[in-house]
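Chain and residue survey
Okay, here's what each chain looks like letter by letter:
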Amino acid sequence: MPQESGSNVSPNAALAAGASKGVSGLIDAIASAGVRDERIWEAFVQVPREAFVPRWLAARAFEDVALPIGCGQTISQPSMVAIMLKELEVEASSTVLEVGAGSGYAACLLSHLARSVHAVERHQELAQEARNTLSRLGRSNVTIYHGDGAASAPRTHFDRILISAAAAKVPEALLALLPPLGRLVAPIGDAESQMLVTCQRDAAGALSIRESVRCRFVPLVTPTLTVS
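Before going into details, it helps to say that this report is about the structure given with it. A quick note: this is a predicted structure, and the numbers were derived from the prediction, not measured.

Of note, the phi angle at C71 is positive, near 60°, even though the residue is not glycine. Summarising the element assignment, C71 is placed in the loop between strand 1 (67–70) and strand 2 (73–75).

See the structure below:
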């Protein structure tokens, strides 16, 4: 897990008070990874990770590790998800696209941070499971689409785009959906070496790209899209 050396930050008592010991442990791991945004901490407290893993793995849901969810996919390590959310800088007014929704965990976290979330998952079984879980949790501001990447998302721009799978380079089809002041976060690299990359457009639409931490994600099926 990415660490920030010398960090002695711990979650505040108000967040931890209503959480189980397991959730408090996750918040500690997130804080140790350098994520100090209380909105992100609150989202992790409010979202039951055990609802997004197979029942036989529910006891491990509070571990800061990636876990299998079927179809050859995984639910990402919570501290890595938190780092991605930190890099994404989601605002309460944001409209967010997630590509690679899996069982819907990151989309659910995003639903507590953003105005609306549109998430795409290429495995139909996982997409339906994500819909069912989000419905049970009452997250009405999330829409799950079954399909490949941007080709299955609404033909519109998004304030924030999260890619939850690794690509060799940032997909142009997804950058095309990013407006001025928009931000995209994605793991970029091959199966052996990946870096988390943040793409930011300025007010004029010019794009800047920077790397942050090493990571490891399942591969992205690169989307194709013509934006009208």
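That shown, we press on.
Formed by 47 residues in total, the largest nonpolar core has its most connected members in F44, L85, L109 and L110. Put simply, the parts of the chain that give this core at least two residues each are helix 2 (21–32), helix 3 (38–46), strand 1, helix 4 (78–88), helix 5 (105–111), strand 4 (116–121), helix 6 (124–136) and strand 5 (142–146). Broken down by element, the residue count for this core peaks at seven residues, all from helix 4. Beyond its immediate chain neighbours, meaning those up to four positions away, L110 contacts L85, L88, V90, V96, E98, V117 and L162. Residues V120, I161, A167 and L184 belong to the second largest nonpolar core, which totals 17 residues.

What follows concerns the pattern of salt bridges. On inspection of all chains with the given rule, the structure shows three salt bridges. For E87, the salt bridge identified is with R210, shortest N-O distance 2.7 Å. You can see E87 sitting in helix 4 and its partner R210 sitting in strand 9 (residues 207–215), a full 123 residues away along the chain. Taking relative accessible area as the criterion, R210 reaches 40% and is therefore assigned partly exposed.

To continue, consider the pairing of strand 4. Most of strand 4 is tucked away, with six of its six residues classed as buried. Residues of strand 4 alternate between two faces, with S116, H118 and V120 on one and V117, A119 and E121 on the opposite face, all of them buried. Pairing analysis gives five bridges linking strand 3 (residues 95–99) to strand 4, with the strands arranged parallel. Pairing of T95 across the sheet is with S116, part of strand 4. For the handedness criterion, the β-α-β arrangement of strand 3, helix 5 and strand 4 is classed as right-handed.

Among the structural elements, L67 can be located in strand 1. As a C-alpha pair, L67 and L57 span 10 residues in sequence and 7.9 Å in three-dimensional space. Apart from the residues within four sequence positions on either side, L67 is in contact with R49, V53, L57, R60, A61, Q73, T74 and I75.

Rules behind the numbers
- Residues numbered from 1 in each chain as written.
- Predicted model: local features only at pLDDT ≥ 70, side-chain atom pairs only at ≥ 80, totals over all residues.
- Heavy atoms only, no water.
- Helix = DSSP H or I, 4+ residues; strand = E, 2+ residues; numbered from the N terminus.
- Core = buried A, V, L, I, M, F, W, Y, C linked by side-chain atoms within 4.5 Å.
- Buried < 20%, exposed > 50% of the residue type's maximum accessible area, 1.4 Å probe, protein only.
- Contact = heavy atoms within 4.5 Å.
- Salt bridge = Lys/Arg side-chain N within 4 Å of Asp/Glu carboxyl O.
- Pairing = 2+ DSSP bridges.
- Right-handed = clockwise from strand over helix to strand, strands pointing away.

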